[in-house]
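Structural description and commentary
Below are the chains, spelled out letter by letter.
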Amino acid sequence: MGFSSDKIQYTEELAPVFSYNLLKESSLVSSKSRAAILFHKTDENGNNCPLKNMDKSKIHVFAKILHIVDDYDTLVNSNKKNGERVTSTEAIGYMLSQCDKKYNRDLLVKFINNVPIYPRGTSLELSDGSVAIVYDNTIGKMSRPKVILEDGTRIDLSEHPDIKITGEKREY
């Protein structure tokens, strides 16, 4: 998928190289940031690296972080599944299944623990049959948000490990 002209064929695979080349002479963007842009589609196992035969251990941590963030954003905001976005739970489940292949395990776990998986306003179905709306998140406990039940009761799910999140629906 992409577009072409007489001089260049642009594809998703070339996007990091194209972007890097636009910025490589810029003094406003650090060399580490440019490297992150160039290698942000590179998988943990070295697949999709724009430089063939590059030692995968040389990929900068910024690129690995950007890879996780970019893929998560794509999954929850752009990916269509039966006409609907993939839920945060489905996206995280998929990404966890790709640890050590696509994503660095330690960085993905840090992402999950520090980025709200269930943003404020997300409607959740709970294992006790109730429906709740996320009103807050706590750093380090992002998979266990604070919620308001339909009757107005506020619950911090991190303090109730017996209550599981069984479903989610974004209202936006």
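As a reminder, the structure under discussion sits directly above these lines.
The residue numbering used here restarts from 1 in each chain and proceeds along that chain's sequence as written. Confidence filtering applies because this is a predicted model: local features only for residues at pLDDT of at least 70, side-chain atom pairs given and counted only at 80 or more, and all residues used for totals across whole chains, interfaces and linings. The side-chain figures draw on all heavy atoms in the structure; neither hydrogens nor water molecules are used.

Description of the nonpolar core
Residues Ile68, Tyr72, Met95, Leu108, Phe111, Leu126 and Val147 are the most contacted members of the largest nonpolar core, which totals 25 residues. We count a stretch as a helix when DSSP gives it H or I for four or more residues in a row; a strand needs E for two or more, and each element gets its number in order from the N terminus. Every element with two or more residues in this core is listed here: helix 3 (61–77), helix 4 (88–97), helix 5 (105–114), strand 5 (123–126), strand 6 (131–136) and strand 7 (146–149). Residues within four places of leucine 126 in sequence aside, it is in contact with Ala132, Leu149, Leu157, Ile163, Lys164, Ile165 and Thr166. Definition used in this section: a nonpolar core is a set of buried Ala, Val, Leu, Ile, Met, Phe, Trp, Tyr and Cys residues joined via side-chain atoms within 4.5 Å. Think of it in three bands: residues with accessible area under 20% of the maximum for their type are buried, residues over 50% are exposed, and the middle band is partly exposed, with areas taken using a 1.4 Å probe on protein chains only. Counting six residues, the second-largest nonpolar core is a separate cluster that includes Leu38, Phe39, Cys49 and Ala63. The contact criterion used is simple: two residues touch if any of their non-hydrogen atoms lie within 4.5 Å.

Thoughts on the environment of leucine 96
You can see leucine 96 is positioned in helix 4. Given the relative accessible area of 41%, leucine 96 is considered partly exposed. Remark: the alpha-carbon pair of leucine 96 and valine 109, spanning 13 residues in sequence, is separated by 8.5 Å. Residue contacts for leucine 96: discarding those within four places in its chain leaves Leu108 and Ile112.

Observations concerning the sheet that holds strand 6
Pairing is antiparallel in the open sheet, where five strands are placed in the order 8-7-6-5-9. Strand pairing shows two members of the sheet lacking a second neighbour, strand 8 (154–156) and strand 9 (165–169), which therefore form its edges. Looking at each pair of strands side by side, their axes are set apart by 35 degrees on average, direction ignored. Looking at chain direction, strand 5 and strand 6 are connected through three bridges and run antiparallel. Residue pairing for strand 6: serine 123 is matched across the bridge by isoleucine 133. A pair of strands is considered paired only if DSSP assigns at least 2 bridges between the two. Axis lines are fitted through C-alpha atoms, for helices just across the contact stretch, and the angle between N-to-C directions can take any value from 0 to 180 degrees.

A few points about the packing of helix 3 against helix 4
Remark: helix 3 packs on helix 4, axes separated minimally by 9 Å, with the N-to-C direction vectors making an angle of 140 degrees. By the criterion of interaxial angle, the relationship of helix 3 to helix 4 is oblique. Relative to helix 4, helix 3 is oriented so that their crossing is right-handed. The segment helix 3 lies against helix 4, with Ile68, Asp71, Tyr72, Leu75 and Val76 engaging Ser88, Ala91, Ile92, Tyr94 and Met95. All amino acids are sorted into three groups, where Ala, Val, Leu, Ile, Met, Phe, Trp, Tyr, Cys and Pro are nonpolar, Asp, Glu, Lys and Arg are charged, and the leftover types, Gly among them, are polar. Across the contact of helix 3 with helix 4, the residue classes break down as eight nonpolar, one polar and one charged. Each angle receives one of four descriptions, namely roughly parallel if under 35 degrees, roughly antiparallel if over 145, roughly perpendicular if within 65 to 115, and oblique otherwise. For a crossing to be left-handed, the near helix must be turned anticlockwise from the far one by less than a right angle; the clockwise case is right-handed.

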